[in-house]
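Spelled out from the first residue to the last, the chains are:
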Amino acid sequence: TNTDTQLSDTSFLEPYDLLFDNAVEAYYKQDWMSVILNMELALRNKRSVHKVRTECRLNCANQTTFGEQIPGLGIPIPGVGSIEDLGFFQRILKRAACVSSCESEKLGPPTLYKISEEMDLEFKKRTPYNYLQVAYFKINKLDKAVAAANTFYIANPDHVEMRQNLEYYKMMAGVQETDFKDLEAKPHMAEFLEGKRLYSSDEFGPAIDHFELAVNEYFAADQECRVLCEGAYDYDGYNYMEYTADLFQAITDHYLYVLNCKQNCAVELASTAGRDKPFEDFLPSHFNYLQFSYYNTEQYEKAIECAKTYLLFHPEDETMNQNLAYYSVVLGEDKAADISAREVVRQHIKKSLLEKELLYFGYEIFGITFVDPDSWTPADVMPLKLREKQKAERETAARITEEIGNLMKEIETLVEEKHKESSDLAKMVKHSPTNGSLLIDDVKVTMTSKELNGTQRVLMDGVISDDECRELHRLSNAAAQKGDGYRGRPSPHSSSEMFQGVTVLKALKLGQEGVVPLKSAHLFFNVSEKIRKVIESYFQLESPLYFSYTHLVCRAAIEDKQEDREDLSHPVHADNCLLISELNECIKEPPAYTHRDYSAILYLNDDFEGGDFIFTELDAKTVTAVVKPQCGRVVGFGAGKENPHGVRAVTKGQRCAVALWFTLDPRHHEKERVQAEDLLKMLSTPVDSEFQTTVEDSGTGGPEGTTSTTEAERDQVLIPTDGPVESQKDKRVEERTDEPVTEQPVKSTDQQPAKAGDKKSGKSKDDNKTKVKDKAKAGSKTQTKTGTQTKAKQSEKTKAKQADKTKVKQADKKEKPAVKKTVKTAAKKATGNESSGSSGSKQPKVKSSKAQDSQTVSSSTVDTQKDKDEL
Ligand SMILES: O=C(O)CCC(=O)C(=O)O
Ligand SMILES: [Fe+2]
């Protein structure tokens, strides 16, 4: 058509989502060259879009001066119709025009490069490399296949197939170690990691080069990250159609949204694919490493500069102050005084603090949540009122969590008691055709498999109270998103009904934001856990059940679409296999959620028409049992072919339920659940802990991690032994005997006898308590390595090696609430082969022509689709 030719005539970048889709299509046609062409171009165009955006915005920011500097504030305050208003907005308009014409000149109309969230996620998860790996392997470009495989694996360390592929590649002839590249490595992070590596092996000179580069790259990346924040406003959480903010409110909302995003760059930049958590105190730590590296290479000016720079972030840091004092003595106090901290960092901090102030103002006044990602922010930046409010909130959350904890304990003891009473009881319950038996609380088994005419089925009542039903029902209407849980489709199963859903994590987040009562979100969490226990115990499962997916979902009849309706609200299906009713078969293969083992639906209400739950035969027609939803009722069943089921049309009103799917396979334990648990923990961090920074507390307080080593501990930087010996008589340092063994190689061979000028020995990690380090300079520079004087910032350097007392700096970091991006991967360790696909083979997973076969490599694709779309 006309538009088509017009488009192809222009030199605009081809939209990368389109290219991605083309590549995937080509993949299924096994057109490997086309996969490569499209996918590589998609990756390139994505980078180009970012580049154009960054450049346009930066250029426009420079072109259109935006008035004077803020503090003061140099900018006239907009008043009623003042002429300054016009001047102010004129600049805004010009800047908007500048950005928009710059971008559309290079990229075409905005719609062309608007990318959906899902697609964005695919690129974040590095899915393109999954496809590229196969395609390159197919055309025998091994080096590229290996690089793609490695790049993908770094971001998906749980991907069993890719791990096997990599192992296979390692053994292949013609594959070099250098082929295992990370094609998406971020320069600042690569430099930082390399610096750290060298630092760990005492190669301080080379380490300096990398850390310095890392700092430069950091600021470049920070600038890019920040400028990319100046994008469209995301009306997340509320309906933009109902958004009726006035001019200044609208500007405020969007601006604070942008500022929030900019602040979050600190987390973004401290994160790297495949690492669960961002590095803590990332930017400051660069200067910590640097000061010590400079010290070790006798570059005292630089060491002082970096120590001072570090102190900009943590002015009270005792260790660093001592280091600085020591360096100053070595260099000469006068000279030292003339050295200042780095200006670029000073500016960065100034800007960041100003942003935080605005964000806290927005938090206090408009309730726009802001979680400070930095650990160095002075406490008083957060307004007192807000601090008090947060404290109160944390108290409430702590109380609720305690209550939940007590409840869970009660449940556990009850379950245990029941088990003890008679190990046969459960069996009796299971097979008893009579009235159900008590399992937990007031839960009654109303119908067993037998009465439900099948196997692995149960109907229970009284699982939650009427009040709880009402509360969850309210929650669903307050929190649910249309179509949420169904890839955003509002009517995934029947065009005569509207679906809406909310997950536990989402509910908790909304609770935290104050959009819904936090208490209700807790209840949702709590109830789901209760049902998990009930199902686990009723079906007498030997190994634990894990959550696979949970959502609170309502389906509502669309009034004018009920006439002559013949469809079901939810077509008959099985939960872990693809039901082919024509063949009386159920195929257990992706895209079915084959890892699901048990399902449970908790009903919340009965004030609607229709909506019966039905079990059928494999033909999807012959109904074997009917369940009428009502408050507190749970239908639980095995998720397999033995239990095809569906929901009859809801013809009037709204039917709400909590649908839960469980797996016995810990590898499929839902990540969202872990995040939800983390969030709960965070909300219940002991009150005030944030304001306590004593080292003593660090060992016990704070959210429990899965390992005993915290990031803070592992990332601590070694610092030199203390300065003038005379001042070191006291032993304020803390004994830490619980230093965990970290993955870093233990260094025990670098303890050359101390010799004059040997800086290294200053941080030697032997347990020789009497080694004296002669700094070979003035007497005051002599350092003792005796007993107590080593203050180490990096636990791996000191742990176990040091019988001497070690002060671990930054240990208090542990106490801070986790930053947003915390993704835990407990229970994630893949221990075996995936049950599906060609698991035994050592081959990279490559496709044959069979249709189902194509799931192997695209499995990550399937997985990334919101794991919600019931079949
Ligand atoms: O809501 C129900 O009763 C059943 C829903 C269901 O089977 C499902 O979502 O898989
Ligand atoms: Fe189902």
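Coordinates for the structure precede this section.
Described in the following lines is the structure provided in the data block. (Residues numbered from 1 in each chain as written. Chains lettered and ligands numbered in written order. Predicted model: local features only at pLDDT ≥ 70, side-chain atom pairs only at ≥ 80, totals over all residues. Heavy atoms only, no water.)

## Some points on the packing of aromatic side chains
In this description, a pair of aromatic rings is defined by centroid distance and the angle of the planes.
And then number 1: The full count for this structure, using the stated rule, is 37 aromatic pairs.
And then number 2: Look at Y295 and Y300: their rings are 6.4 Å apart centre to centre, the planes differ by 65 degrees, and that puts the pair in the edge-to-face class. Here Y295 and Y300 have matching classes, each one buried.
And then number 3: The interplanar angle of 70 degrees and the centroid separation of 5.2 Å between the aromatic rings of F313 and W376 together place this pair among those described as edge-to-face. With F313 in helix α14 (residues 300-313) and W376 in the loop between α17 (343-366) and α18 (384-421), this pair connects stretches of sequence that are 63 residues apart. For the pair F313 and W376, one class covers both residues: buried.
And then number 4: Lying across the ring of Y593, R596 places its NZ or CZ 4.1 Å from the centre.
And then number 5: Over the aromatic face of F525 sits the side chain of R673, whose NZ or CZ is 4.4 Å from the ring centroid. (Phe/Tyr/Trp six-rings, centres within 6.5 Å; stacked < 30°, edge-to-face > 60°. Buried < 20%, exposed > 50% of the residue type's maximum accessible area, 1.4 Å probe, protein only. Helix = DSSP H or I, 4+ residues; strand = E, 2+ residues; numbered from the N terminus. Lys NZ or Arg CZ within 6 Å of the ring centre and 35° of its normal.)

## Topic: unusual backbone geometry
Where the residue is not glycine, phi is negative for most of them; where a peptide bond is considered, it is trans in most cases.
And then number 1: Positive phi outside glycine occurs at Q30, with the angle close to 60 degrees.
And then number 2: Tracing the sequence through the fold places Q30 in the loop between α2 (16-28) and α3 (32-63).
And then number 3: Although it is not a glycine, D564 adopts a positive phi angle of roughly 50 degrees.
And then number 4: Within the secondary structure, D564 is located in the loop between β5 (546-557) and β6 (570-573).
And then number 5: The exposed category is assigned to D564, whose relative accessible area is 71%.

## Thoughts on a nonpolar patch on the surface
And then number 1: Taken together, the side chains of L247, F248, I251, Y255 and L358 present a nonpolar region at the surface, about 460 Å² in accessible area.
And then number 2: Looking at the nonpolar patch element by element, the count peaks at four residues for helix α11 (residues 247-263). (Patch = residues over 30% accessible without salt bridge, like charges linked within 9 Å, V, L, I, M, F, W, Y side chains within 5 Å. Areas by Shrake-Rupley, 256 points an atom, 1.4 Å probe, with all protein chains shown as cover. Salt bridge = Lys/Arg side-chain N within 4 Å of Asp/Glu carboxyl O.)

## Some words on the site of ligand 1
And then number 1: Not every one of the twelve residues close to ligand 1 is listed here, only the nearest: H570, H573, Y603, H645 and R655.
And then number 2: Here H645 contributes a side-chain N or O atom positioned 2.9 Å from an oxygen atom of ligand 1.
And then number 3: Looking at the shell around ligand 1, the elements with two or more residues in it are β6, β9 (598-603), β14 (645-647) and β16 (654-663).
And then number 4: Here the residues of the shell around ligand 1 sort into five nonpolar, three polar and four charged. (Near = heavy atom within 4 Å. Polar contact = N/O pair within 3.5 Å; in protein donor to acceptor, adjacent residues only side chain to side chain. Nonpolar A, V, L, I, M, F, W, Y, C, P; charged D, E, K, R; others polar.)

## Things to note about the pairing of strand β12 (residues 623-627)
And then number 1: In terms of strand pairing, strand β11 (residues 613-616) meets β12 through four bridges, oriented antiparallel. The partner of T616 across the bridge, within β12, is V623.
And then number 2: Joining the antiparallel neighbours β11 and β12 is a turn of six residues, in which A620 adopts a positive phi near 65 degrees. (Pairing = 2+ DSSP bridges.)

## With respect to the coordination of the iron ion (ligand 2)
And then number 1: Coordination of the iron ion (ligand 2) by the protein comes from H573 (NE2), D575 (OD) and H645 (NE2), over a distance range of 2.0 to 2.3 Å.
And then number 2: Expressed as a motif, the donor residue spacing for the iron ion (ligand 2) is H-x1-D-x69-H.
And then number 3: For D575, a relative accessible area of 1% puts it in the buried group. (Donors = N, O, S within 2.8 Å, 3.2 Å for Na, K, Ca; no water.)

## Some thoughts on the packing of α14 against helix α15 (residues 318-331)
And then number 1: Two numbers describe how α14 lies on α15: the axes approach to 9 Å, and their chain directions differ by 155 degrees. On the basis of their axis angle, the class for α14 and α15 is roughly antiparallel. The handedness of the crossing between α14 and α15 is left-handed. Residue-level contacts link Y300, E301, A303, I304, A307, K308, Y310 and L311 of α14 to M320, N321, L324, Y327, S328, V330 and L331 of α15.
And then number 2: Counted by class, the contact of α14 with α15 contains eleven nonpolar, two polar and two charged residues. (Axes fitted to C-alpha atoms, helices over the stretch in contact; angles between N-to-C directions. Parallel < 35°, antiparallel > 145°, perpendicular 65-115°, else oblique. Left-handed = near helix turned anticlockwise from the far one by under 90°. Contact = heavy atoms within 4.5 Å.)

## Details of α17
In an α-helix, one turn spans 3.6 residues; hence positions three or four apart end up facing the same way.
And then number 1: Over its 24 residues, α17 runs 34 Å from end to end, which matches the ideal 34 Å to within 8%, given 1.5 Å per residue.
And then number 2: For α17, the full list of buried residues reads V345, H348, I349, S352, E355, K356, L359, Y360, G362 and Y363.
And then number 3: At the C-terminal side of α17, G367 shows a positive phi close to 70 degrees. (Expected span 1.5 Å × (residues − 1).)

## Brief notes about the packing of helix α13 (residues 282-296) against α15
And then number 1: Direction vectors running N to C along α13 and α15 enclose 30 degrees, while the axes themselves pass 12 Å from each other. Relative to α15, the element α13 is oriented roughly parallel. Our pair here, α13 against α15, has a crossing hand that is left-handed. Residues N288, Q291, F292 and Y295 of α13 touch α15, and the partners they reach there are M320, N323, Y326 and Y327.

## Notes on the sheet that holds β14
And then number 1: Strand order in this open sheet of four strands is β6-β14-β11-β12, and the pairing throughout is antiparallel. The strands lining the two open edges of the sheet, one partner per strand, are β6 and β12. On average, each strand axis in the sheet is inclined to that of its neighbour by 20 degrees, with strand direction left out of account.

## Overview of the state of the cysteines
And then number 1: The tally for this structure, following the rule as stated, stands at seven disulfides.
And then number 2: The disulfide partner of C469 is C631, and the gap between their sulfur atoms is 2.1 Å. Between C469 and C631 the sulfur-sulfur dihedral comes to about 95 degrees; the bridge is accordingly right-handed. On the criterion of sequence distance, the pair formed by C469 in helix α20 (residues 466-479) and C631 in the loop between β12 and β13 (634-638) is long-range, its members being 162 residues apart.
And then number 3: Accessibility expressed as a relative area gives 2% for C469, which makes it buried.
And then number 4: By relative accessible area, C631 is classed as partly exposed at 22%.
And then number 5: Residue pairing for C554: its cysteine sulfur links by disulfide to C656, the two sulfurs lying 2.0 Å apart. Disulfide C554 to C656: torsion about the S-S bond roughly 110 degrees, handedness right-handed. Residue C554 is located in strand β5, and its partner C656 is located in strand β16; the two are separated by 102 residues in the primary sequence.
And then number 6: Since its relative accessible area comes to 1%, C554 is described here as buried. (Disulfide = S-S within 2.5 Å.)

## Digging into the pattern of salt bridges
And then number 1: All chains considered together, the criterion is met by 30 salt bridges.
And then number 2: Between E55 and K51 there is a salt bridge, with the nearest N and O atoms lying 3.4 Å from each other. Taken together, the residues E55 and K51, both in helix α3 and four residues apart, mark about one turn of the helix.
And then number 3: Note on E55: relative accessible area 38%, which makes it partly exposed.
And then number 4: Of the charged contacts, one joins R126 and D182 as a salt bridge, the two residues approaching to 3.0 Å between their closest N and O atoms. A residue pair is termed long-range when its members are at least 10 positions apart, and R126 in the loop between α5 (117-124) and α6 (127-138) and D182 in the loop between α8 (160-171) and α9 (187-200) qualify at 56 residues.
And then number 5: Taking the relative accessible area as the measure of exposure, R126 reaches 8% and is therefore buried.
And then number 6: Sharing partners across several salt bridges, the network here consists of E212, K302, E305 and R342.

## Description of the side chain of D372
And then number 1: Examined against the element boundaries, D372 turns out to sit in the loop between α17 and α18.
And then number 2: Given the relative accessible area of 17%, D372 is considered buried.
And then number 3: Within the local environment of D372, its side chain forms a polar contact with the backbone nitrogen of D374, the two atoms lying 2.9 Å apart.
And then number 4: Contacts of D372, omitting those with residues within four sequence positions, involve Q263, K356, Y360 and T377.

From the geometry alone we can't say anything about function, so treat these as descriptive.
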